[in-house]
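Chain residues, written in single-letter form:
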Amino acid sequence: MRTQLILLFMATLAYAEQDAINIMFVNDEMNEVASRSFESVLLYIKRNGDLSLTIGRIDNVTINATDPQFLLDTLCQTYAESVKAGEPPHVLIDATLSGDSSEVVKAFSASLALPTVSGSYGQEGDIRQWRDLDEEQLKYLIQVQPPGYLIPEAIRTIVVAQNLSSAGILFDDSFEMDHKYKSLLQNIPARHIISPLRSNINEQLDRLRQVDVNNFFILGRLSTIKDVLEVANAAEMFTRKYAWHALTQDNGPLRCPCNDATILYLKPVPDTRLAQRLALLKAKYSLPGDREITAAFYFDLALRALLAVRSMIERNDWPVDMQHTLCPDYREDQPIRRTNLDLQMAFRQVQEPGSYAKMQIERNGRSHLAFTLRLEKVSVVGGRALEAEDLGSWPAGIESQLLVREPRSLANLTSVTVYRVVTAIQPPFVMHVPEEEQAAQGGRKFRGYCIDLLEEIRRIMGFEYEIYEAPDHKFGSMDEQGNWDGMIKELKEKRADIALSSLPVNSERETVIDFTVPYYDLVGYSILMKKLSSPTSLFKFLTVLETDVWLCILAAYFITSLLMWIFDRWSPYSYQNNREKYKNDEEKREFNLRECLWFCMTSLTPQGGGEAPKNLSGRLVAATWWLFGFIIIASYTANLAAFLTVSRLDTPVESLADLSQQYKTQYAPLNGSDTMIYFQRMMGIEQRFYEIWKDMSLNDSLTIIERAKLAVWDYPVSDRYTKMWQAMLEAGLPSTMEEAVERVKISKSSSEGFAFLGDATDIRYQVLTNCDMQMVGEEFSRKPYAIAVQQGSPLKDQFNNAILQLLNKRKLEKLKEIWWNQNPEKKICDRQDDQADGISIHNIGGVFIVIAAGIVLACFALAFEFWWYKAKRPDINLPHQEPIEVKSRSKLGMPSTSGVPASDILPHGLRSRMMATNGQWS
């Protein structure tokens, strides 16, 4: 009995000691409002004795995040001093926000099992040191989310409600966003950047504009918001292209020195039932007036925690024999366990009214102050804010919805929908607009079939777009590690909303993006070669015989003419040596050197050489020359016909199979292109199938009959693509389209040189714009063209409807007509020669040049004859019919010709004049 009395007395003393509540208050040095609010709580308790609260020892620990080990040592030392003094803390009030300092405090309290009430940031599971608490620990380790953590959640609600495609979130030091970088807009198809405000706001806004952010959210004090809006006004960012949202913890009107701006302003408003209490706390108990919602939160958090401890002590629910383990005595393998300490229940049951809004207590990561943000539309004209229009409210909470009075009231507060479109150049679908033409086309940098298609879709759907070229200028393919490049990479990493070009649809791309319905026909791969044509030359008829042969013919001509002149001069039976004998012959021809040259030349023509020599030796020379000429002319004529025909007998490549079976023409696709990947994979398939067949044929478990069935095929899988791939590697894969086209152009002929394997669209355009190119064979591996969007994007269905409307209106056929048949780059080419055509002027035109040259030479000869004749006979004036004196032949510079009529020794012109005067001379 005596022992029981002693124990009861000791328990009574313990309860008496516990009436004074000991507190450890831990706070960040930057969270000044929490410290001031805690001071207001102490003042409130001191002046209100009806609360029945007696404050004992207070350990105030102010920390920074620079040295977590120093913080832990400080906490351990402060705690040890309080335990040794017999005044251990009943409750730890944690006002740290986030980061390493907050985690150190959580680890300290959880390890030593100290009852803790925390106002740190984070949802359920975000606080690492409290992530795996059991049910008993959750009863005395309590976390309540502060208003600064919940207010940014309104941004997520606005982005979803207005279907924004981009968001730039800027915040000052009144907000802590460490826990928001990844979670705020998670699983929302909106490009977003979260960044703290820096001193140079202008540069920061410029960088956001450069990455096409059009919707801006400012989280901060009213003074910070004013500074940002002032910079935006100077940068002329209050246009329909941009939308502005301001969120604050302050209480007051929005100020903006703007010319013409409309801003969606979200600010917290206190519960009307608590407004009088809030005003009293600010006036009488020095509750901070700036960020009053945060100050009220920490006030309520600390007061409620102390009242909860008091109520547990009064109900004898607080452990009398609570053990306090110091940091050096803590062992991780023997964790401290506390049972029957339900501080959370007592915290929830506190009846003290709040100072701003009701505190909603659930599990950690779900408890918060149930405040409300008011949505106001603030219009600023000429630097003066007009009366704010109340649009609705947002009740604080994770995934809370906007409560808008009129749903359409937010429509004019969003930026105009602007989609980022990534493209790759491929004429005529997408082409660059020359810089000198961009101004005339409204600043457009791209043109083509796809650009016109996008304009048609824009008119139907009503949006704006900004288009840029993929950084690596590629459509997009996946490497062996699963990484994408080109336009597909831009879509996959959400830097673009739409990929638009002549992009073929394939199953590989559909695993990471979505395609709309096709907007273009099936297009495959084809072959580009130099057009089948024969080499032309104006003097092609001269190339029939080699130069040596022509020189020999020319030498034979002069030698024969010289011999004929010598034989005629020395033969006694020639005309010039035997004139009396042939004086009665009608045909008389003196074969001097000039006549011999003329005779040999005309003998090679169908006209003939004329009168032959009279002497036998001369006739033998002429006959020999005739035989020689006959053989030469016959040979030349036959070879000329064959020479003009042989160039047309070349067998052209007409298909991919023909290309693979020949060796004169090299061929290859672009390096890294879809065509290269196609042949590379076809080669891999052949090798895989061959390995499968080889494993089957070498399988010893096969029966004789099964082996006989396999033996029917000597080579069951064709190795055509394997050989073609090897030939491509040997030929060298061109790196650009320009290089490939140039290699085709410099080919010797259509059957010897280089053939380019590529997308049929590329090849068809090259044929359209180059008259010396041709598209060979049928297309293979055909696929449709479609527009690509991000996977799961709602744009897919919207674009599908628009494309189908354009298809029904035959707008797509019209675009095809414009960019193919009416393309301004289209060349009008001559009809390709075939075997039925005759000899072209390009090959025989030299003959006409010969005639022209002969006529010109004859004109010069005539002029020379007149000049020569007049120079030798200055007393004769041919153009005038004046009397002349007939002189003796010797006086005229001629040899004496006695017995020869005068008419025979005169030139033809003088003979005519003499006959005109009946032979009478003046």
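This structure is a prediction, so every number in the text was calculated from the model and none was measured.

Any chance you could explain helix H24 (residues 737–745) here in plain terms?
Given 3.6 residues per helical turn, the α-helix brings residues three or four places apart onto the same face. Buried within H24 we find Met737, Ala740, Val741, Arg743 and Val744. Taken down its axis, H24 places every buried residue within 160° of arc, on the same side. Structurally, H24 contributes buried residues whose contacts are with strand E23 (520–530), strand E24 (665–668), helix H23 (720–731), strand E25 (753–759), helix H25 (760–769) and strand E26 (773–785).

Honestly, the sheet that holds strand E5 (residues 141–143) in this entry has me stumped. Any pointers?
Overall, parallel pairing links the five strands, which are arranged E2-E1-E3-E4-E5 in an open sheet. One side of each edge strand has no neighbouring strand; the edge strands of this open sheet are strand E2 (54–63) and E5. With strand direction ignored, the average angle separating the axes of adjacent strands in the sheet is 15°. In this sheet, strand E3 (residues 91–94) lies alongside strand E1 (residues 20–28) in parallel orientation, the contact comprising four bridges. When the bridges of E3 are listed, Ile23 appears paired with Val91. Helix-sheet contacts for helix H2 (residues 32–47) involve E1, E2 and E3, and the interaxial angle to E1 is about 165°. Helix H11 (residues 292–314) contacts E1, E2, E3 and strand E4 (116–118) of the sheet and is inclined by roughly 150° relative to E1.

Mind showing me how you'd approach the nonpolar core here?
A general tendency of soluble globular proteins is for nonpolar side chains to be buried together. Membership of the largest hydrophobic core comes to 108 residues, with the highest contact counts inside it found for Phe347 and Phe371. Of the residues forming this core, the biggest block, 16 residues, is contributed by H11. With residues near it in sequence (within four places) discarded, Phe347 still touches Val117, Ile142, Val144, Leu301, Arg304, Ala305, Ala308, Met359 and Ile361. If you look at the next biggest cluster of nonpolar residues, it comprises 34 residues, including Phe446, Cys450, Tyr519 and Tyr785.

Looking at this model, I keep getting lost on the side chain of Gln143. Mind explaining?
Summarising the element assignment, Gln143 is placed in strand E5. Judged by relative accessible area, which is 2%, Gln143 ranks as buried. From its side chain, Gln143 meets the backbone oxygen of Gly122 in a polar contact 2.9 Å long. With residues up to four places along the chain from it excluded, the contact list for Gln143 reads Ser118, Ser120, Tyr121, Gly122, Ile127, Trp130, Asn364, Gly365 and Ser367.

Honestly, the pairing of strand E13 (residues 372–381) in this entry has me stumped. Any pointers?
Along any regular strand the residues' side chains alternate between the sheet's two faces. By the bridge criterion, 10 bridges tie strand E10 (residues 260–269) to E13 in an arrangement that is antiparallel. If you follow Ile263 over to E13, its bridge partner there is Val378. The sheet contact formed by E13 and strand E15 (residues 389–395) spans six bridges and is antiparallel. Its bridge partner lying in E15, Leu375 is registered against Gly392. Direction of pairing for E13 relative to strand E14 (residues 384–385): antiparallel, over a ladder of two bridges. Across the sheet, residue Val381 finds its bridge partner in E14, namely Arg384. Between E13 and the antiparallel strand that follows it, E14, lie two residues; Gly382 among them carries a positive phi value of about 65°.

How do you make sense of the packing of helix H8 (residues 201–210) against helix H9 (residues 222–234) when you look at a structure like this?
Helices that pack against each other are described as a pair by the angle of their axes relative to one another and the distance between those axes. The interhelical angle for the contact between H8 and H9, taken along N-to-C directions, is 65°, at an axis separation of 10 Å. As H8 runs across H9, the sense of the crossing is right-handed. For the pair H8 and H9, contact is made by Ile201, Asn202 and Leu205 and by Asp227, Val228, Val231 and Ala232, respectively. Here the contact of H8 with H9 is built from residues that sort into five nonpolar, one polar and one charged.

So what exactly am I meant to see when it comes to a nonpolar patch on the surface here?
Together, Ile559, Leu562, Leu563, Ile566, Phe567, Trp570 and Leu593 make up a nonpolar patch on the protein surface, roughly 660 Å² of accessible area in all. Per-element tally for the nonpolar patch: the top contributor is helix H17 (residues 547–570), with six residues. Relative to the elements of secondary structure, Leu562 occurs in helix H17.

I would appreciate a short explanation of the state of the cysteines in the present structure.
Note: disulfide means a covalent bond formed between the sulfur atoms of two cysteine side chains. One pass over the full model with this rule turns up two disulfides. Between the sulfur atoms of Cys76 and its disulfide partner Cys327 the distance amounts to 2.1 Å. Torsion about the S-S bond of the Cys76 and Cys327 cystine: about -85°, corresponding to left-handed handedness. In this pair, Cys76 is assigned in helix H3 (residues 68–84) and Cys327 in the loop between H11 and helix H12 (343–349), connecting sequence segments 251 residues apart. Covalently, Cys256 is tied to Cys258 through a disulfide, its sulfur atoms 1.6 Å apart. Using a relative accessible area of 5% as the deciding quantity, one classes Cys256 as buried. On the accessibility criterion, Cys258 (0% relative accessible area) is buried. Cys596 provides the cysteine sulfur closest to Cys600, a residue in no disulfide bond, and the two sulfurs are 6.8 Å apart.

Would you explain the packing of helix H14 (residues 449–461) against helix H27 (residues 811–821) in this entry?
Two elements in contact, H14 and H27, have axes separated by 10 Å at closest approach and are oriented at 150°. Relative to H27, the element H14 is oriented roughly antiparallel. Of the two elements, H14 crosses H27, and the hand of that crossing is right-handed. Here Tyr449, Asp452, Leu453 and Glu456 of H14 come into contact with H27, specifically with Lys811, Leu812, Leu815, Lys816 and Trp819. When its residues are assigned to classes, the contact of H14 with H27 shows five nonpolar, no polar and four charged.

Just to check I follow, could you spell out the packing of aromatic side chains for this structure?
When we look at a pair of aromatic rings, we describe it by the centre distance and by the angle of the planes. Evaluation of the coordinates by the stated rule reveals 29 aromatic pairs. Measuring from centroid to centroid gives 5.5 Å for Tyr44 and Phe299, while their planes differ by 80°, and the two rings are edge-to-face. Of the two residues, Tyr44 is situated in helix H2 and Phe299 in helix H11; the sequence distance between them amounts to 255 residues. In this structure Phe299 comes out as buried when scored by relative accessible area, which is 0%.

Help me out: how do you make sense of the pattern of salt bridges in this one?
Opposite charge on two side chains allows them to pair when their charged atoms are near. Counted by the stated rule, this structure contains 35 salt bridges. When the shortest N-O distance is used, the salt bridge between Glu464 and Arg458 registers 4.0 Å. A salt bridge links Asp719 to Lys723; the shortest N-O distance between them is 3.6 Å. A residue is classified by how much of its surface remains accessible, and Lys723, at 52% relative accessible area, is exposed.

Mind showing me how you'd approach the sheet that holds E24 here?
Backbone hydrogen bonds are what pair the strands of a sheet, in a parallel or an antiparallel way. One open sheet accounts for four strands, arranged E24-E25-E23-E26; its pairing is mixed. Strands at the two margins of the open sheet, each flanked by one partner only, are E24 and E26. Sheet twist, expressed as the average angle between the axes of neighbouring strands with direction ignored, equals 20°. Sheet topology places E24 next to E25; four bridges connect them, and they run parallel.

Where do I start with unusual backbone geometry in this structure?
Trans is the prevailing form of peptide bonds, just as negative phi is the prevailing case for residues other than glycine. Geometrically, the link from Pro427 to Pro428 is a cis peptide bond, its omega value of -5° lying close to zero. Position of Pro428 relative to the elements: it lies in the loop between strand E17 (418–423) and strand E18 (431–432). Of note in this structure, Arg291 is not a glycine but carries a positive phi near 50°. Assignment of secondary structure puts Arg291 in the loop between helix H10 (275–284) and H11. A relative accessible area of 14% means that Arg291 is categorised as buried. Despite not being glycine, Asn316 has its phi angle at roughly 60°, a positive value. Using a relative accessible area of 48% as the deciding quantity, one classes Asn316 as partly exposed.

Sorry, what's going on with the environment of Phe780 here?
Tracing the backbone shows Phe780 in strand E26. Along the primary structure Phe780 and Val523 are separated by 257 residues, whereas in three dimensions their C-alpha atoms are 8.3 Å apart. For Phe780, the residues in contact, after removing those within four places along its chain, are Gly524, Tyr525, Ser526, Leu656, Tyr678 and Phe679.

Any chance you could explain the confidence of the model for the protein here in plain terms?
Low pLDDT means the predicted atomic positions in that stretch should not be read closely. Looking at the protein, pLDDT values average 82 and 86% of them are 70 or higher. Within the model, pLDDT remains below 50 along residues 878–922, and this stretch shows 36 contacts once partners closer than five positions in the same chain are excluded.

Is there a simple way to think about H25 in this case?
Burial analysis of H25 places eight of its 10 residues in the buried class, the great majority of the element. Among the residues making up H25, those that are buried are Ala760, Thr761, Asp762, Ile763, Tyr765, Gln766, Leu768 and Thr769. Residues of H25 that are buried in the fold lie against E18, E23, H24, E25, E26 and H27. Its side-chain oxygen 2.8 Å from the backbone nitrogen of Thr761, Asp759 forms the N-cap of H25.

So, how was this worked out
- Residues numbered from 1 in each chain as written.
- Predicted model: local features only at pLDDT ≥ 70, side-chain atom pairs only at ≥ 80, totals over all residues.
- Heavy atoms only, no water.
- Buried < 20%, exposed > 50% of the residue type's maximum accessible area, 1.4 Å probe, protein only.
- Helix = DSSP H or I, 4+ residues; strand = E, 2+ residues; numbered from the N terminus.
- Arc of directions from axis to C-beta.
- Contact = heavy atoms within 4.5 Å.
- Pairing = 2+ DSSP bridges.
- Axes fitted to C-alpha atoms, helices over the stretch in contact; angles between N-to-C directions.
- Core = buried A, V, L, I, M, F, W, Y, C linked by side-chain atoms within 4.5 Å.
- Polar contact = N/O pair within 3.5 Å; in protein donor to acceptor, adjacent residues only side chain to side chain.
- Left-handed = near helix turned anticlockwise from the far one by under 90°.
- Nonpolar A, V, L, I, M, F, W, Y, C, P; charged D, E, K, R; others polar.
- Patch = residues over 30% accessible without salt bridge, like charges linked within 9 Å, V, L, I, M, F, W, Y side chains within 5 Å.
- Areas by Shrake-Rupley, 256 points an atom, 1.4 Å probe, with all protein chains shown as cover.
- Salt bridge = Lys/Arg side-chain N within 4 Å of Asp/Glu carboxyl O.
- Disulfide = S-S within 2.5 Å.
- Parallel < 35°, antiparallel > 145°, perpendicular 65-115°, else oblique.
- Phe/Tyr/Trp six-rings, centres within 6.5 Å; stacked < 30°, edge-to-face > 60°.
- pLDDT = per-residue confidence, 0-100.

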